[in-house]
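Residue strings, one per chain:
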Number of protein chains: 2
Amino acid sequence: MAIKRTDSVTITRVAALAGVSTATAGRVLGGYGYSSEDIRDRVQEAARELGYRPNRLARGLITGRTQTIGVVAGDISSDFYATAMRGIADVARREGFGAILTNSDEKLDLEREAVQLLREKQVDGLIVSPCDRGESLHLREAVAAGCPVVQVDRVAAGLAADSVTVDNRSAARECVQKLLAAGHHRIAFIAELQSSHGHDLARFAADWAENRQPASPQELDPSWQRLLGYLEAHRDAGVPVDLGLVRRVGAYSVEAAKDHVLELLVRRQHNGVTALFTSDGVMSTGAMRAISALGLSIPGDLSLVCFDDLDWMGFVSGGITTVVQPVHRMGTMAAEFLLARIAGDTSDFRHVVLPAQLAERASIAPPADARGGATDSR
Amino acid sequence: MAIKRTDSVTITRVAALAGVSTATAGRVLGGYGYSSEDIRDRVQEAARELGYRPNRLARGLITGRTQTIGVVAGDISSDFYATAMRGIADVARREGFGAILTNSDEKLDLEREAVQLLREKQVDGLIVSPCDRGESLHLREAVAAGCPVVQVDRVAAGLAADSVTVDNRSAARECVQKLLAAGHHRIAFIAELQSSHGHDLARFAADWAENRQPASPQELDPSWQRLLGYLEAHRDAGVPVDLGLVRRVGAYSVEAAKDHVLELLVRRQHNGVTALFTSDGVMSTGAMRAISALGLSIPGDLSLVCFDDLDWMGFVSGGITTVVQPVHRMGTMAAEFLLARIAGDTSDFRHVVLPAQLAERASIAPPADARGGATDSR
DNA sequence: TTGTACGCGTTATCAA
DNA sequence: TTGATAACGCGTACAA
């Protein structure tokens, strides 16, 4: 077939029309090297007349730079990644870069495939939320091959790459402190806490209790970091932790989160849960569905503190107290770091840990038994 | 400087190691042409040893196809575009394509710039939500140059391109019918209805009333299509329309929408508004903020019907009735159409208008005056 | 079945 | 300051 896909106005045609060599035309149009004024005018006139547009593929082939970055998000349809991507795209556009988006669904093999594809497309760099905290061979290979990587939200241990994360531990600790201070002693924690990373919940808590903390909490998954904050707050307050109140949803699924919370709350006469702390936007949405399905009122029947600032948290039940992550900022910072590396920055790797803000609204109240004084049935 | 960016293991090196010509190596690794079994093994072994990865730039330069599509969304951080993009990315991945994402913020010049960049990057096709219903010269140029375009959510008049949209008019009409049937006569409509398209609200309504409808409603902006549905429902019910209840927010801004609704509801003793119909997710969120700020209850003080199914609509006030657009589906369909065109499909252009579903929940009740029976003050 | 040689559109390197 | 020419890495005639 071989469809002549377009009358392709190339630099050769422009050069011919202007009566100069392709080299000269290239210098003018590419903005490199010298050129006299009248030649410049002639070439530009010819280019305009023909409607010349540079072929960035050809340019990239020879310069070795495509002005394209690759992004591996978990799931672009989630608010978190969508907002981060917006930040990335904003910076990319500003600098004349394109951004190829892929989703990993938090699956390592999909991430690997995506990185593979992006590298074959010769992206100048990669922004990734790594699925795996460990090996990540594909990321190491990329770095080794001179393809800079910037990590967002999570970091792979020992990877020679910048990272932009949030201080999840402190944020979670502050949340749980608020609940404890309000008198709650039975605070459920709803989190992803995927088990694939080899963590056993009981052992993790036991290790922590004996001060055998992970060397660097930043190398834990965010939900595990938030668990750390949950544990710390309890310790600080002298309140024992009941690991039965820590629900491992195991995936970023609203429905799965809802089911967990439903099960938990239906039995709250028995387990004594008076407050919920949700570990991210997905868990928060699931929890809210369950709470609504049961017809519970906040904070009357249940106190609630969430993670991630979703639209509804401003107006549901007079406002839900939540942790506001600087998500857009994470995106812009990551992109800026990456573009700096691409531009040749070889300074030490930065591991920025941004603070999160607690948006205090109206979803915390003292537990019912502390208020009523006489209705405790346990 | 000229950093030798990587020891670039090219097909030449693989061929050399395997002791064959580059053409033979290419045939094996590219999966085209003939090759004997032992040669095949030798080449593959060499490729594995060297960690060969094809350079898709070079491939694209010669084949004229990059296996990359360009996407121009309005704003990826909005739920609508994020979900559509997810659909696009899913199909792209399945077919081995990459997708470059850009945002137009609904501004024509940004859209134009984006299309420009994407075409210079030699994308095989474009998925666009066109800002402009008219000219769209940049899109026509793309089509003329053999770069297929698929339109999502909106269509540019007379563009030789497929489109995937939603039947906004019918969906809106059904919503307003529900409200009218419940006894509401003063229904406010909150919508973007940007004026830049030359539409004057009063004249638009007058033209419509005299049956001078636009030739193809599908070529209107979605919010104008929804206005059409609003008008039709009123006419069908024999209820006069008060254009003062149609609020043109003019931009997809939550805060702007909130302000409009606030102003409207604060004066509801005077304007008699008993129900709200919001035209999209952004308007819905803004409206809900205003309603919450005023402490109004739904549907007690106010009935509400929304457009777009956001998470919170399931659990706020026992559920908000809303129009559910098949957004993910729009994304996958658009991508499938585009990939078909790229693969050579030359059949007639498809203009798919998907039906939207009304999710009936609990946000409609008869107006207060109809219930109370005696409190009408107007 | 394999190898040679050329071309894709651009930038880079020289010599003029 | 300009121009001829060689890359960049790969696909594809065509010849062997």
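Since the structure is predicted, the reported quantities are computational estimates derived from the model, not experimental observations.

J.: I would appreciate a short explanation of the relation of the copies chain B and chain A in the present structure.
T.: Mapping one chain copy onto the other needs a rotation about an axis and a shift along that axis. Once turned by 180 degrees and shifted 0.0 Å along the axis, chain B lies on chain A with an RMSD of 0.1 Å. Classification of the inter-copy transformation places it as that of a two-fold axis. The position closest to the rotation axis in chain B is occupied by the C-alpha of Ile100 of chain B, lying 2.1 Å away. Both copies present the same face, since 100% of the interface residues in chain B are matched by interface residues at the equivalent positions in chain A.

J.: I would appreciate a short explanation of the nonpolar core in the present structure.
T.: If you look at the biggest cluster of nonpolar residues, it comprises 178 residues, and the most contacted ones within it are Leu276 of chain A together with Leu276 of chain B. The residues contacting Leu276 of chain B, other than those within four sequence positions of it, are Leu179, Ala188, Ile190, Val261, Leu264, Leu265, Ala287, Ile291, Leu302, Ser303, Leu304 and Val305 of chain B. Grouped together as the second largest cluster of nonpolar side chains are 30 residues, Ala142 and Leu159 of chain A together with Val72 and Ala114 of chain B included.

J.: Please explain the environment of Leu227 of chain B as it appears in this structure.
T.: Residue and element names in this part refer to chain B. With respect to the helices and strands, the residue Leu227 is situated in helix α10 (residues 222-237). Residue class for Leu227 comes out buried when judged on its relative accessible area of 1%. Measuring from C-alpha to C-alpha, the distance between Leu227 and Pro130 comes to 19 Å, with 97 residues separating the pair along the chain. Excluding residues within four positions of it along the chain, Leu227 makes contact with Phe189, Leu193, Leu201, Phe204 and Val246.

J.: It is not clear to me how the protein's contact with DNA strand C should be interpreted in this structure. Could you clarify?
T.: Around DNA strand C lies a shell of 24 residues, among which Ile11 and Ile62 of chain A together with Thr24, Ser36 and Ile39 of chain B are the nearest. Each atom of DNA strand C within 4 Å of the protein belongs either to a base or to sugar and phosphate, the latter forming 65%. Within the side chain of Thr24 of chain B, one N or O atom sits 2.4 Å away from a phosphate oxygen of DNA strand C. At a separation of 2.6 Å, a phosphate oxygen of DNA strand C approaches a polar side-chain atom of Ser36 of chain B. Taken together, the elements giving at least two residues each to the surface near DNA strand C come down to α4 (56-63) of chain A together with α2 (22-30) and α4 (56-63) of chain B.

J.: It is not clear to me how helix α7 (residues 137-144) of chain A should be interpreted in this structure. Could you clarify?
T.: Residue and element names in this part refer to chain A. Listed in full, the buried residues belonging to α7 are His138, Leu139 and Ala142. Angular distribution of buried residues about the axis of α7 spans 100 degrees; they occupy a single face of the element. Turned more than 90 degrees off the buried face of α7, the exposed positions are Leu137 and Ala144. Just beyond α7, the residue with positive phi is Gly146, at close to 90 degrees.

J.: Would you mind showing me how to read the pattern of salt bridges here?
T.: Pairing between side chains of opposite charge can happen when the charged atoms of each approach one another. Scanning all chains against the criterion turns up 47 salt bridges over all chains. Residue Arg154 of chain A pairs with Asp153 of chain A through a salt bridge whose shortest N-O separation is 4.0 Å. Asp153 of chain A carries the same exposure label as Arg154 of chain A, and that label is buried. Arg173 of chain A is the salt-bridge partner of Glu232 of chain A, the closest N and O atoms lying 2.6 Å from each other. You can see Glu232 of chain A sitting in helix α10 (residues 222-237) and its partner Arg173 of chain A sitting in helix α8 (residues 168-181), a full 59 residues away along the chain. Residue class for Arg173 of chain A comes out partly exposed when judged on its relative accessible area of 24%. One connected set of salt bridges, linked through shared partners, spans Asp75 and Asp105 of chain A together with Arg86 and Asp90 of chain B.

J.: Explain the pairing of strand β3 (residues 125-128) of chain B here, please?
T.: Within a regular strand, the side chains alternate between the two sheet faces. Residues and elements named next belong to chain B. On β3, burial covers both faces: Gly125 and Ile127 on one face and Leu126 and Val128 on the other are all buried. In this sheet, β3 lies alongside strand β1 (residues 68-73) in parallel orientation, the contact comprising four bridges. Across the sheet, Gly70 pairs through a bridge with Leu126, a residue of β3. Pairing of β3 with strand β4 (residues 149-152), which is carried by three bridges, proceeds in the parallel orientation. Opposite Ile127, over in β4, you have Val150 as the bridge partner. Taken together, β3, helix α7 (residues 137-144) and β4 constitute a β-α-β crossover, and its handedness is right-handed.

J.: It is not clear to me how the interface of chain B and chain A should be interpreted in this structure. Could you clarify?
T.: A common way to state how big an interface is: give the accessible area lost once the parts meet. Taken together, the 51 residues of chain B in the interface contact 51 residues of chain A. The junction of chain B with chain A conceals about 4500 Å² of combined surface from both sides, 55% of it contributed by carbon and sulfur atoms. Of all residues in chain B, Leu57, Arg86 and Phe315 of chain B give up the largest surface area on contact with chain A, accounting jointly for 17% of the area buried on that side. Where chain B meets chain A, there are 10 salt bridges. Listing elements by their share of the side of chain B that touches chain A, those giving two or more residues are α4, α5 (79-94), β2 (98-103), α6 (108-120) and α13 (281-293) of chain B.

J.: What exactly am I supposed to notice about the sheet that holds strand β10 (residues 321-324) of chain B here?
T.: Two strands in a sheet stick together by hydrogen bonds in their backbones, pointing the same way (parallel) or opposite ways (antiparallel). All names here are of chain B. Strands sit in the order β7-β6-β8-β9-β10-β12 across an open sheet of six strands; the sheet is mixed. Two strands in the sheet have a free side with no partner beyond their single neighbour: β7 (246-248) and β12 (357-359). With direction set aside, neighbouring strand axes in the sheet form an average angle of 15 degrees. When β10 meets β12, the two strands line up antiparallel, connected through three bridges. The residue of β12 that forms the bridge with Val324 is Gln357.

J.: Sorry if this is basic, but what is going on with the domain arrangement of chain A here?
T.: Domain boundaries assigned for chain A yield domain 1 (11-54), domain 2 (68-160 + 327-355) and domain 3 (168-320 + 361-371). Distance from the C-alpha centre of domain 1 of chain A to the C-alpha centre of domain 3 of chain A: 64 Å.

J.: Help me understand the protein's contact with DNA strand D in this model?
T.: Thr24, Arg27, Ser36 and Ile39 of chain A together with Ile11 of chain B are the nearest of the 23 residues found near DNA strand D. Sugar and phosphate atoms constitute 62% of the interface atoms of DNA strand D, taking the interface as everything within 4 Å of the protein. Within the side chain of Thr24 of chain A, a nitrogen or oxygen atom sits 2.4 Å from a phosphate oxygen of DNA strand D. With respect to DNA strand D, the side chain of Ser36 of chain A contributes an N or O atom lying 2.6 Å from a phosphate oxygen. Counting residues per element, the ones that place at least two in the surface near DNA strand D are α2 (22-30) and α4 of chain A together with α4 of chain B.

What counts and what doesn't
Residues numbered from 1 in each chain as written. Chains lettered and ligands numbered in written order. Predicted model: local features only at pLDDT ≥ 70, side-chain atom pairs only at ≥ 80, totals over all residues. Heavy atoms only, no water. Least-squares fit on C-alpha atoms with pLDDT ≥ 70 in both. Contact = heavy atoms within 4.5 Å. Core = buried A, V, L, I, M, F, W, Y, C linked by side-chain atoms within 4.5 Å. Buried < 20%, exposed > 50% of the residue type's maximum accessible area, 1.4 Å probe, protein only. Helix = DSSP H or I, 4+ residues; strand = E, 2+ residues; numbered from the N terminus. Near = heavy atom within 4 Å. Polar contact = N/O pair within 3.5 Å; in protein donor to acceptor, adjacent residues only side chain to side chain. Arc of directions from axis to C-beta. Salt bridge = Lys/Arg side-chain N within 4 Å of Asp/Glu carboxyl O. Pairing = 2+ DSSP bridges. Right-handed = clockwise from strand over helix to strand, strands pointing away. Buried area = accessible area lost by both parts, 1.4 Å probe. Axes fitted to C-alpha atoms, helices over the stretch in contact; angles between N-to-C directions. Domains from an automatic or database assignment.

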